[in-house]
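# Summary of structural features
So the chains spell out like this:
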Amino acid sequence: TQSGGGLYITYAANPAPILINNVLVGNQASVGSGILFDVLYPDLQTVSVLHTTLYDNRGGGEGIFVRGYPSIALTNTVIVSHSVGISVTLGSNTTLDTTLWYANQTNLIGSATHTNDHTGDPLFSPDGFHININSAAQNTGVNAGVSVDIDSERRPQGTGYDIGADEFKLPGIYLPVVVKN
């Protein structure tokens, strides 16, 4: 694919898209290997991107490429193993709230407002998006108003929300119940 290996998002009218519990792993494109946001018209509503995991998208090497005039708000995003985590062109309004960065050659090119940044290994399972115990994504997210993860398991499971599409769930301990009369 030339542009937008995982997702190519463009829109010309409101309402803006809302993306929830997204996984973009192993995609290839010369621009926007994971996600390409491409909006030609200013003054459209903000695209909300909630609980997204981007891992090892290749080609151009950007996990996310933002060009044109989009307003993008990313919350609870994991960006791992890219040449560039996110690239933002002039004219775009991009905000990142609670991002886990790991093993990117460069995390950010261009101008974006970012708060609550974290670094550390997400400890992915072999599928590239489920997190394991002691993951840097575990219990470090914010409440983005999303009550379930990509597997329809409730959020939060531990002491806080997890960053990314997956909410780590501790294996249950089940004890037999014996009733004595």
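What this report covers is the structure whose coordinates are included nearby.

## Here's the deal with the overall build of the chain
Across its full length, the chain holds zero helices and 13 strands. What you see in the chain, going N to C, is helices and strands ordered as β-β-β-β-β-β-β-β-β-β-β-β-β. For the chain, the C-alpha atoms occupy an extent of roughly 75 × 35 × 30 Å along the three principal directions. By residue count, 46% of the 181 residues in the chain fall in the buried class. By sequence separation, contacts in the chain at least 24 residues apart represent 54% of the contacts at least 6 residues apart. Carbon together with sulfur atoms contributes 52% to the accessible area of the chain, which is approximately 8900 Å² in total.

## Some details on the side chain of aspartate 162
Position of aspartate 162 among the secondary structure elements: in the segment after β13 (118-119). A polar atom in the side chain of aspartate 162 sits 2.6 Å from the backbone nitrogen of phenylalanine 168. With sequence-adjacent residues up to four places away left out, aspartate 162 is seen in contact with His51, Asn76, Ile131, Ala137, Gln138, Asn139, Gly141, Arg155, Glu167 and Phe168.

## Here we look at the sheet that holds strand β1 (residues 7-9)
Taken together, the five strands give an open sheet; going across it, the order is β1-β4-β7-β9-β11, and neighbouring strands pair in parallel fashion. At either end of the open sheet lies a strand with only one pairing partner, and these are β1 and β11 (106-109). When strand polarity is set aside, the average angle formed by the axes of neighbouring strands in this sheet is 5 degrees. The pairing of strand β9 (residues 84-88) with β11 spans three bridges and is classified as parallel. Its bridge partner being in β11, valine 84 is matched across the sheet by threonine 106.

What counts and what doesn't
- Residues numbered from 1 in each chain as written.
- Predicted model: local features only at pLDDT ≥ 70, side-chain atom pairs only at ≥ 80, totals over all residues.
- Heavy atoms only, no water.
- Helix = DSSP H or I, 4+ residues; strand = E, 2+ residues; numbered from the N terminus.
- Buried < 20%, exposed > 50% of the residue type's maximum accessible area, 1.4 Å probe, protein only.
- Contact = heavy atoms within 4.5 Å.
- Areas by Shrake-Rupley, 256 points an atom, 1.4 Å probe, with all protein chains shown as cover.
- Polar contact = N/O pair within 3.5 Å; in protein donor to acceptor, adjacent residues only side chain to side chain.
- Pairing = 2+ DSSP bridges.
- Axes fitted to C-alpha atoms, helices over the stretch in contact; angles between N-to-C directions.

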